[in-house]
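Remarks on the overall topology
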Amino acid sequence: KKETKWEKFAKERGIGANNEKRSRKVWDEATGTWLYRHGYQKANAGDSQWPIMEVRKNDDPYEDPWERERDAKRSRVDKNLVNRMKNEERAGTLSKGAANRAFKEKKAIREKGREGGKEKIPSGLPIDLATGKKSGNI
């Protein structure tokens, strides 16, 4: 098996692999109970789930801050997947250029989906959703 970029970097820097497993649960200071480290009902998650988000001076006040956060997370996840796929390409388990092809396709689908609701249909006109034909007298 060929080394990934991280494994190569860790070996050069002398960063050792931690062989002991981390526990799945951690002590939550706020509630005084053991809660999961990640996922649903995770420990110490109170600060990150505020219903109100502040708008900075230079931000657009009409932009949805939750959508901005979702997009930022989506881009981080995509970057991680691209790096993982490129590691697999270097190792020879994927064909060359597979990562670029996959993410160009994914980006195009996402942009098309975002604009999907912008189709102009006059309100009040009955339309058959399956065929797209208008019915009734206009």
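In short, a report on the structure. Keep in mind the model is a prediction, meaning the values are calculated, not measured.

Let us now look at the environment of Lys2. Its location among the elements puts Lys2 in the segment before helix H1 (5-13). Separated by 86 residues in the primary sequence, Lys2 and Glu88 place their C-alpha atoms 8.9 Å from one another. The contact partners of Lys2, leaving out residues within four places of it in the chain, are Glu7, Arg90 and Ala91. Within polar-contact distance, the side chain of Lys2 engages the backbone oxygen of Arg90 at 3.1 Å.

On to a positive patch on the surface, then. The grouping of Lys2, Lys5, Lys8, Lys86, Arg90 and Lys96 at the surface amounts to a positive patch. Sorting the residues of the positive patch by element identifies H1 and helix H2 (65-91) as the ones contributing at least two each. With respect to the element layout, Lys8 can be found in helix H1.

Assignment of secondary structure puts Arg84 in helix H2. In this structure Arg84 comes out as partly exposed when scored by relative accessible area, which is 47%. Between the C-alpha atoms of Arg84 and Ala99, which are 15 residues apart in sequence, the distance is 8.9 Å.

Our next topic: the environment of Asn83. Topologically, Asn83 is positioned in helix H2. On the basis of relative accessibility, which here comes to 40%, the residue Asn83 falls in the partly exposed class. For the pair formed by Asn83 and Lys5, sequence separation is 78 residues and the distance between their alpha carbons is 9.1 Å.

The rules we used
Residues numbered from 1 in each chain as written. Predicted model: local features only at pLDDT ≥ 70, side-chain atom pairs only at ≥ 80, totals over all residues. Heavy atoms only, no water. Helix = DSSP H or I, 4+ residues; strand = E, 2+ residues; numbered from the N terminus. Contact = heavy atoms within 4.5 Å. Polar contact = N/O pair within 3.5 Å; in protein donor to acceptor, adjacent residues only side chain to side chain. Patch = residues over 30% accessible without salt bridge, like charges linked within 9 Å, V, L, I, M, F, W, Y side chains within 5 Å. Areas by Shrake-Rupley, 256 points an atom, 1.4 Å probe, with all protein chains shown as cover. Salt bridge = Lys/Arg side-chain N within 4 Å of Asp/Glu carboxyl O. Lys, Arg positive; Asp, Glu negative; His and termini not counted. Charge placed at Lys NZ, Arg CZ, Asp CG, Glu CD. Buried < 20%, exposed > 50% of the residue type's maximum accessible area, 1.4 Å probe, protein only.

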